[in-house]
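# Descriptive structure summary
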Amino acid sequence: MLDVLRENFGHLFEDELLVEISRVSKYTKVDAGDTLMELGSSVTHMPLLIEGAIKIFRLDDDYREQILYFLERGDTCALTLNCCVGKVHSEIKAVAEVDSELIFVPAEYMETFLKYHSWSKFVFDSFNNRLVELLEVIDSLAFMKLDERLYNYLRDKVLINSNQLLEITHSIIAQEMNTSRVVISRVLKKLELENKIKLHRNKIEVIEI
DNA sequence: TCATTAACACGGG
DNA sequence: CCCGTGTTAATGA
């Protein structure tokens, strides 16, 4: 695990810290679709993403979900950071978008690692990055039309899967974006007429990025 | 005006 | 036959 850490986080953390992390953490592989965190579960570990992508959802009172953003290589989850320090329950749900590899750092080391300057910088930067992304989410929900939101969502998926051809159904998209299947079908059709995508059964081809 | 819900037809696997 | 898709009509915010 130390080698994996050096390879992916060597540019961020000094070797002494990498050694400490590797001594106390757990290295895990997950498959696409695995749920890493349920709403309300207690958070005991903080994830460092080595490979793959994790999608983060917010859930409303009726358990309808709204996708917030994707975590990618080198990221951690700022909302989890908050949970670890405050020892509160999770406000979000996390699902692996593709096969992924993570390292889980036990929550109790969150604070002791702060003695490393590189760690505290990493934590602050993560908060900052997530805040910026959350502002983008707010913009998107408040000001953007559904067709723009949907197109952005599809482009994100293309980047993460590094494949123009997405294997996904209209109803899954509707769930992730918290709207109805009818609307997604209609907007997708519109995007197709604008030559931005091509529709196939169970598949969506994104033409331009 | 636009989303949601229900309902229906079509077609591929 | 089941499921994904495309569409429409009714209803509501």
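As shown above, the structure is provided for reference.
For the structure given in this document, a descriptive report is provided here. The shown structure was predicted, so the numbers you read here are calculated from the model rather than taken from an experiment. (Residues numbered from 1 in each chain as written. Chains lettered and ligands numbered in written order. Predicted model: local features only at pLDDT ≥ 70, side-chain atom pairs only at ≥ 80, totals over all residues. Heavy atoms only, no water.)

## Here's the deal with the side chain of Ser118
Looking at where Ser118 falls in the secondary structure, it is placed in helix H5 (residues 117-143). The exposure class assigned to Ser118 is buried, which follows from its relative accessible area of 12%. A distance of 2.4 Å separates polar atoms of two side chains, one belonging to Ser118 and the other to Glu14. Here Ser118 is in contact with Leu12, Phe13, Glu14 and Leu17, once residues within four sequence places are set aside. (Helix = DSSP H or I, 4+ residues; strand = E, 2+ residues; numbered from the N terminus. Buried < 20%, exposed > 50% of the residue type's maximum accessible area, 1.4 Å probe, protein only. Polar contact = N/O pair within 3.5 Å; in protein donor to acceptor, adjacent residues only side chain to side chain. Contact = heavy atoms within 4.5 Å.)

## Digging into the sheet that holds strand S10 (residues 203-206)
The 3 strands lie next to each other as S8-S10-S9, forming an open sheet whose pairing is antiparallel. What marks the edges here is a single partner per strand, and that holds for strand S8 (165-167) and strand S9 (197-200). Across the sheet, the mean angle separating the axes of adjacent strands is 20° when strand polarity is ignored. Here S9 runs beside S10; their pairing, made up of 4 bridges, is antiparallel. Its bridge partner being in S10, Ile197 is matched across the sheet by Val206. Along the sheet, helix H8 (residues 181-193) makes contact with S9 and S10, crossing S9 at roughly 125°. (Pairing = 2+ DSSP bridges. Axes fitted to C-alpha atoms, helices over the stretch in contact; angles between N-to-C directions.)

## Here we look at the packing of aromatic side chains
Counting across every chain of the model gives 8 aromatic pairs. A ring pair is formed by Phe113 and Trp119, whose centres lie 5.3 Å apart and whose planes are at 75°; its orientation type is edge-to-face. Accessibility assignment for this pair places Phe113 and Trp119 in one class, buried. Ring plane angle 45° and centroid distance 5.9 Å describe the contact between Trp119 and Phe122, whose orientation is recorded as tilted. In this pair, Trp119 and Phe122 both sit in helix H5, 3 residues apart, roughly one turn of the helix. According to the relative accessible area criterion, Phe122 is buried, its value standing at 7%. The residue whose ring lies beneath Lys93 is Phe57, and the NZ or CZ to ring-centre distance is 5.8 Å. The ring of Tyr69 has Arg130 sitting right over it, with the charged end atom 5.0 Å from the ring centre. (Phe/Tyr/Trp six-rings, centres within 6.5 Å; stacked < 30°, edge-to-face > 60°. Lys NZ or Arg CZ within 6 Å of the ring centre and 35° of its normal.)

## Thoughts on the protein's contact with DNA strand C
Taken together, Thr169, His170, Arg181, Val182, Lys189, Leu199, His200, Arg201 and Asn202 are the residues near DNA strand C. With respect to DNA strand C, the backbone of His170 contributes an N or O atom lying 2.9 Å from a phosphate oxygen. Arg181 places a polar side-chain atom, nitrogen or oxygen, 2.8 Å from a base nitrogen of DNA strand C. If you list the elements that add at least two residues to the surface near DNA strand C, you get H8 and S9. Here the element with the most residues in the surface near DNA strand C is H8; it accounts for 3 residues. (Near = heavy atom within 4 Å.)

## A few points about the packing of helix H1 (residues 2-9) against helix H2 (residues 15-24)
Helix packing geometry: the angle between the two helix axes and the distance between the axes. Taken N-terminus to C-terminus, the directions of H1 and H2 make an angle of 135°; their axes are 9 Å apart at the nearest point. Accordingly, the angle class assigned to the pair H1 and H2 is oblique. Viewed along their axes, H1 and H2 form a crossing whose handedness is right-handed. The residues of H2 that touch H1, namely those facing Leu2, Leu5, Arg6 and Phe9, are Asp15, Leu18, Val19, Ile21 and Ser22. When the residues that make up the contact of H1 with H2 are grouped by side-chain class, the tally is 6 nonpolar, 1 polar and 2 charged. (Parallel < 35°, antiparallel > 145°, perpendicular 65-115°, else oblique. Left-handed = near helix turned anticlockwise from the far one by under 90°. Nonpolar A, V, L, I, M, F, W, Y, C, P; charged D, E, K, R; others polar.)

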